[in-house]
Amino acid sequence: MARVESSDVTFSQGTRMLFYLMTPNETSFSDVDDVPRYVQKATPFFIGLVLLEVFVGWLKTGELLVKINDGTTSLSAGMTSRLPHVFVRSLEVSSYIYVWNNYHMLELPWDSAWTWWLAFLGVDFGYYWVHRCCHELNILWAAHQVHHSSEYYNLTTALRQSVTQQCASWVFYLPMALVVPPSVFAVHIQFNLLYQFWIHTEIIRDLGPLEWILNTPSHHRVHHGRNLYCIDRNYGGTLIIWDRLFGTFTPEGDKVVYGLTHPINTFDILSVQFHYYSYLWDQFLKADGIGHKLSIIFKGPSWAPGKPRLGDHAEVPIVTGEEVPHNPVWSLGLQAYVHIQFLLVLGVYNDLFATQCLLSQTTILLITGYILLTLTSLGYIIEQRPNAAVWEALRCLIMMALYRFGYVSPVVSQLALATEVFVSLSALYWGVQCFTQLTGKEKHH
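The structure presented is a predicted model; accordingly, all values stated were derived computationally and were not measured. (Residues numbered from 1 in each chain as written. Predicted model: local features only at pLDDT ≥ 70, side-chain atom pairs only at ≥ 80, totals over all residues. Heavy atoms only, no water.)

## Details of the overall build of the chain
On a plain count of helices and strands, the chain comes out with 18 helices and 0 strands. The C-alpha radius of gyration computed for the chain amounts to 23 Å, which stays within 12% of the reference 22 Å derived for 445 residues, consistent with globular compactness. Dimensions of the chain, computed from C-alpha atoms along their principal axes, come out at roughly 70 × 55 × 50 Å. Expressed as a percentage of the 445 residues in the chain, the buried residues total 51%. Here the contacts in the chain between residues at least 6 apart in sequence split such that 77% fall between residues at least 24 apart. Counting every atom, the chain has about 21100 Å² of accessible surface; 66% of that belongs to carbon and sulfur. Across the chain, the centroid of the 26 positively charged side chains sits 4 Å from that of the 34 negatively charged ones. (Helix = DSSP H or I, 4+ residues; strand = E, 2+ residues; numbered from the N terminus. Rg over C-alpha atoms; globule rule 2.2 N^0.38 Å. Buried < 20%, exposed > 50% of the residue type's maximum accessible area, 1.4 Å probe, protein only. Contact = heavy atoms within 4.5 Å. Areas by Shrake-Rupley, 256 points an atom, 1.4 Å probe, with all protein chains shown as cover. Lys, Arg positive; Asp, Glu negative; His and termini not counted. Charge placed at Lys NZ, Arg CZ, Asp CG, Glu CD.)

## Focus on the environment of I297
Tracing the chain through its elements places I297 in helix α14 (residues 289-298). Judged by relative accessible area, I297 falls into the buried class, the value being 16%. Not counting the four nearest positions on each side in its chain, I297 is found in contact with L137, N138, I139, L280 and F284.

## Considering the pattern of salt bridges
Side chains carrying opposite charge are able to pair once their charged atoms draw close together. Following the criterion strictly, the structure yields 13 salt bridges and no others. A salt bridge links R309 to E136; the shortest N-O distance between them is 3.3 Å. Remark: E136 occurs in helix α6 (residues 113-136) and R309 occurs in the loop between α14 and α15 (332-355); sequence separation between them is 173 residues. The class of R309 is partly exposed, set by a relative accessible area of 43%. A salt bridge links R385 to D268; the nearest nitrogen and oxygen atoms lie 3.3 Å apart. Pair noted here: R385 is in the loop between α16 (361-383) and α17 (388-404) and D268 is in the loop between α12 (241-246) and α13 (269-286), with a separation of 117 residues, a long-range link. The class for D268 is buried, based on a relative accessible area of 4%. Beyond isolated ion pairs, a larger network of salt bridges with shared partners links R132, E136 and R309. (Salt bridge = Lys/Arg side-chain N within 4 Å of Asp/Glu carboxyl O.)

## Some thoughts on the nonpolar core
Grouped together as the largest cluster of nonpolar side chains are 54 residues, with contacts concentrated most on Y38, F185, F191 and L194. Secondary structure elements with two or more residues in this core: α2 (38-41), α3 (43-61), α5 (91-103), α6, α8 (155-158) and α10 (182-198). With 10 residues, α10 is the single largest residue contributor to this core. Not counting residues up to four positions away in its chain, the partners in contact with L194 are M17, L18, Y38, V39, A42 and F46. With 50 residues, the next largest nonpolar core counts I296, L344, I367 and A393 among its residues. (Core = buried A, V, L, I, M, F, W, Y, C linked by side-chain atoms within 4.5 Å.)

## A short note on the side chain of T266
Residue placement: T266 occurs in the loop between α12 and α13. Overall, the relative accessible area of 14% leaves T266 in the buried class. A distance of 2.4 Å separates polar atoms of two side chains, one belonging to T266 and the other to E383. Setting aside chain neighbours within four positions, we find T266 in contact with S271, V272, H326, E383 and R385. (Polar contact = N/O pair within 3.5 Å; in protein donor to acceptor, adjacent residues only side chain to side chain.)

## Thoughts on the confidence of the model for the chain
Per-residue pLDDT for the chain has a mean of 94; in total, 98% of the residues score no lower than 70. Segment residues 1-6 is flagged for pLDDT under 50; beyond a separation of four residues in sequence, or across chains, it makes 25 contacts in the model. (pLDDT = per-residue confidence, 0-100.)

## Observations concerning the state of the cysteines
For the coordinates displayed, the defined rule picks out 0 disulfides. Free of any disulfide, C134 has its nearest neighbouring cysteine sulfur in C133, separated by 7.3 Å. The closest cysteine sulfur to the non-disulfide-bonded C167 is located on C134, 11 Å from its own sulfur. By relative accessible area, C167 is classed as exposed at 52%. (Disulfide = S-S within 2.5 Å.)

## Section: a nonpolar patch on the surface
Residues L52, F55, W58, L59 and L64 make up a contiguous nonpolar surface patch of roughly 540 Å² in combined accessible area. Its location among the elements puts L64 in the loop between α3 and α4 (68-82). (Patch = residues over 30% accessible without salt bridge, like charges linked within 9 Å, V, L, I, M, F, W, Y side chains within 5 Å.)

## Brief notes about α13
Here α13 contains 18 residues, and its C-alpha end-to-end distance of 27 Å stays within 8% of the 26 Å for a straight helix at 1.5 Å per residue. In α13, a bend of some 45 degrees at H275 exceeds every other bend along the element. Of the residues making up α13, those classed as buried are I269, V272, Q273, Y276 and L280. For α13, the elements touching its buried residues are α4, α7 (138-148), α14 and α16. (Expected span 1.5 Å × (residues − 1). Bend = angle between axes of the 7 residues up to and from the residue.)

## Some words on unusual backbone geometry
Phi angles above zero are rare outside glycine, and D232 is one such case at about 60 degrees. Tracing the backbone through its elements, the reader meets D232 in the loop between α11 (217-223) and α12. What makes D232 buried here is its relative accessible area of 16%. For N234, which is not glycine, the phi dihedral falls at a positive 55 degrees.

## A short note on the packing of α15 against α17
Two quantities define a packed helix pair, namely the angle between the helix axes and the distance between the axes. Interhelical geometry of α15 versus α17 gives an angle of 35 degrees and a closest axis separation of 13 Å. By crossing handedness, the relation of α15 to α17 is classed as left-handed. Across the interface between the two elements, Y337, Q341 and L344 of α15 pack against E392, R395, C396, M399 and Y403 of α17. In terms of residue class, the contact of α15 with α17 is built from 5 nonpolar, 1 polar and 2 charged. (Axes fitted to C-alpha atoms, helices over the stretch in contact; angles between N-to-C directions. Left-handed = near helix turned anticlockwise from the far one by under 90°. Nonpolar A, V, L, I, M, F, W, Y, C, P; charged D, E, K, R; others polar.)

Spelled out as structure tokens, the structure:
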């Protein structure tokens, strides 16, 4: 099980780490196990900035920038992507440690500012190529498309991450393991990810001279666009200089239309995470000959026989700027219900990471399974699927058992009774819905 360190971050550090404004002195550690889990500790700061963005956006436009259906799906994807870290250290850090322990050629001092800044550049350079390959290799796009699947662009979109992307990204950082200690790498691999949170916003328009060096909201809006001029551009993580050097930079121009070139129109978290693998497998089976089959896997997502390696971008569906994101109508009651249930499972999720070192593997598996079931069931409710009532009734019963036997605790202890009553009424409501659907089908037959 991954180790949980007891050190904490201050409010100042929590705010500054989102903008990569931490100093070498306060983020240098001799041992990789001493490195704080900055990403996990950033949760309250994520929430705070999301709420601030919603408030500022409402003041500016009079509308809510974050829709409950899309925002919940993005947050669910982020939670799903982090769940494997409950069981094992990230693959990026684990593989890095292995190479360092067995093959490192030079040991740069872990407490040197020069080492810190070298790691800053090394991780960001590695991320550029990770990111670029995720767009240019279809098998890697199958993971990365999760992050691009939202048709909205706000801070919740930043958290829409793939559970499988790190299965390939670890390779790109291994050259650093020949000289840079794992503890330094473990700091920067987290900060590089955290920096990319705040650039997912439309509130900030232009940052002047900083646009030449840093990856900014303007640059990253282009990256998330499905306009022809946006496709496969601006891969940078913290710095935009790599895009300028390697010819993949494009400034923001026409109104950006966000999302995949072929929107998936679903809020089912399992579909969001894995639907492209199914599509890729179908394309692989249909392809003629081993050459075409390998091209399906290792060339660009829009490749086809007779096309360039990355496909013909001129064939990308034309956008007009008038596109409306997928946002089906659903009742305010269901919206409130999903919102409350999501907050409850978010509390369970945070408690799991905070107490994992005290829990048995069986308990961790049980709670992890419950979290995945909840996120899946809420997606079914958002989509108003016919089987949503069955899944939600079952989930509520499991939730009642977990509360009753002490596996999970209410978010606020003073609301323990109210939470149990709410869950019990929820189970009753969805049970009635199941019965109504069942009797309705029998009458129909």
